[in-house]
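Residues per chain, in single letters:
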Amino acid sequence: MHLIDVDDIRAAAGLIRGSVVRTPLLAALWGDPDRPLWIKPESLQPIGAFKVRGAFNAIGRLGAAAKSHGVVTYSSGNHAQAVAYASALSGITAHIVMPEETPAIKVDATRRLGAQVVLCAPGQRETVAEELVATTGGVLIPPFDHPDVIAGQGTVGLEIAEDLPDVANVLVPVSGGGLASGVGTAIKALCPAARVFGVEPQLAADTAEGMRLGHRVDWSIEDRNRTLADGLRSQPSELTFAHLQRVLDDALTVTEEQILDAVAELAHRAHLVAEPSGAVALAAYRNVTLPPGPTVVVLSGGNIEPTLLAAALSR
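Scope of this entry: the structure provided in the associated data block. (Residues numbered from 1 in each chain as written. Predicted model: local features only at pLDDT ≥ 70, side-chain atom pairs only at ≥ 80, totals over all residues. Heavy atoms only, no water.)

Examining the nonpolar core
Core analysis: the largest hydrophobic core is formed by 32 residues, its most contacted members being Ile-39, Leu-171 and Leu-266. Elements that contribute at least two residues to this core include exactly strand 1 (26–32), strand 2 (35–41), strand 8 (195–201), strand 9 (250–254), helix 12 (256–269), helix 13 (276–287), strand 10 (295–299) and helix 14 (306–313). In terms of residue count, helix 13 provides more of this core than any other element does, seven residues in total. Dropping the residues within four chain positions of it, Ile-39 is found in contact with Pro-24, Leu-25, Leu-26, Ala-28, Trp-30, Leu-266, Ala-270, Leu-272, Val-297 and Leu-299. Counting 26 residues, the second-largest nonpolar core is a separate cluster that includes Val-20, Leu-62, Val-83 and Val-149. (Core = buried A, V, L, I, M, F, W, Y, C linked by side-chain atoms within 4.5 Å. Buried < 20%, exposed > 50% of the residue type's maximum accessible area, 1.4 Å probe, protein only. Helix = DSSP H or I, 4+ residues; strand = E, 2+ residues; numbered from the N terminus. Contact = heavy atoms within 4.5 Å.)

Some remarks on the pattern of salt bridges
Scanning the entire structure with this criterion turns up twelve salt bridges. One salt bridge connects Glu-159 with Arg-53, and the closest N-O pair in it is separated by 2.9 Å. Of this pair, Glu-159 sits in helix 7 (residues 147–163) while Arg-53 sits in helix 2 (residues 52–60), and the two are 106 residues apart along the sequence. Each member of the pair, Glu-159 as well as Arg-53, carries the same accessibility label: buried. (Salt bridge = Lys/Arg side-chain N within 4 Å of Asp/Glu carboxyl O.)

Some words on the side chain of Glu-42
Tracing the backbone through its elements, the reader meets Glu-42 in the loop between strand 2 and helix 2. Among the residues examined, Glu-42 registers a relative accessible area of 0% and is labelled buried. Of the polar contacts made by the side chain of Glu-42, one reaches the side chain of Gln-45; its length is 3.1 Å. Beyond its immediate chain neighbours, meaning those up to four positions away, Glu-42 contacts Thr-23, Gly-48, Ala-49, Phe-50, Arg-53, Val-156, Leu-299 and Ser-300. (Polar contact = N/O pair within 3.5 Å; in protein donor to acceptor, adjacent residues only side chain to side chain.)

With respect to the packing of aromatic side chains
Per the stated rule, a full pass over the model turns up one aromatic pair. Pairing Phe-56 with Tyr-85 gives two aromatic rings, centres 5.7 Å apart and planes at 85°, and the pair type is edge-to-face. With Phe-56 in helix 2 and Tyr-85 in helix 4 (residues 78–90), this pair connects stretches of sequence that are 29 residues apart. Under the relative-accessibility criterion, Phe-56 is labelled buried at 8%. (Phe/Tyr/Trp six-rings, centres within 6.5 Å; stacked < 30°, edge-to-face > 60°.)

Re helix 11 (residues 238–247)
The α-helix advances 3.6 residues per turn, and as a result positions three or four apart in sequence lie on the same side. Those residues of helix 11 that sit buried are Leu-239, Thr-240, Phe-241, His-243, Leu-244 and Val-247. Looking at the packing, one finds that the buried side of helix 11 touches helix 7, helix 8 (178–190), strand 8 and helix 9 (206–213).

Overview of the sheet that holds strand 10
With mixed pairing, the six strands of this open sheet are ordered in space as 1-2-10-7-8-9. This sheet does not close on itself; its edge strands, each paired only once, are strand 1 and strand 9. Averaged over all pairs of adjacent strands, the angle between their axes in this sheet comes to 30°, without regard to strand direction. In terms of strand pairing, strand 7 (residues 169–173) meets strand 10 through three bridges, oriented parallel. When the bridges of strand 10 are listed, Asn-169 appears paired with Thr-295. Of the strands in this sheet, strand 1, strand 2, strand 8, strand 9 and strand 10 touch helix 12, which is tilted by about 90° from strand 9. (Pairing = 2+ DSSP bridges. Axes fitted to C-alpha atoms, helices over the stretch in contact; angles between N-to-C directions.)

Have a look at this one:
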């Protein structure tokens, strides 16, 4: 099992430079004076989420022969759009498996980018993707279970360390764990005094339970699908869980009400649109006691259904 290091992340940064946005670190002046708040808005990426970083790194490392057969992936939305976007710019074919319950805004966006979308039943996306690999000869670009994907996502942490070297706390959403694995690896290498917290919904808190028990745990897809944070319904792989055990100081959980409050706060106070999955870090900042010092929350994505955004803003 290859655990990435900061050199892998630096290499990824060099490869994807010019293809992704180096998002700013925004000071949120309404934060807690003891824990000055900074927002890393990955919602400003071309496809509205951080996933584009890992997609460009993984696809960029493929040889010409592999690219000729295209790529295959499975995703509830943001990784799907990222692979579709990176594939379109690279001139290769993308077949993407998406669960039937994926919000229409994410399915439609993926199709508009030129990908071939295949919808599947809950819990079947990996199986259907394997079938597509067999029939198309395409290369599988998983949403988190790959060192190149993790290293690409880790460039978020590299930028945080460069922009705020005295950061004390970094809060990162956790689903499959690729983002938190990469960010945590960069932060621990470059800002060793900083603490890294993974954040997930209480209704999909498999990582928090696994960290507490010291091994991965399995929550049913039915249980994980209860959360409105549709981008946080996956579970860590052996690879990402090994990273998380190495780099996370703790895994925090938040309620559905707290998530919606954070979506509204980001819109009203920061003028940023966040999907529920992207707002969990701010929800934890607001509702969990953290150590003092400069604190960064990663806003991982902004692809929210308009009706859900309207509901959050009317609270």
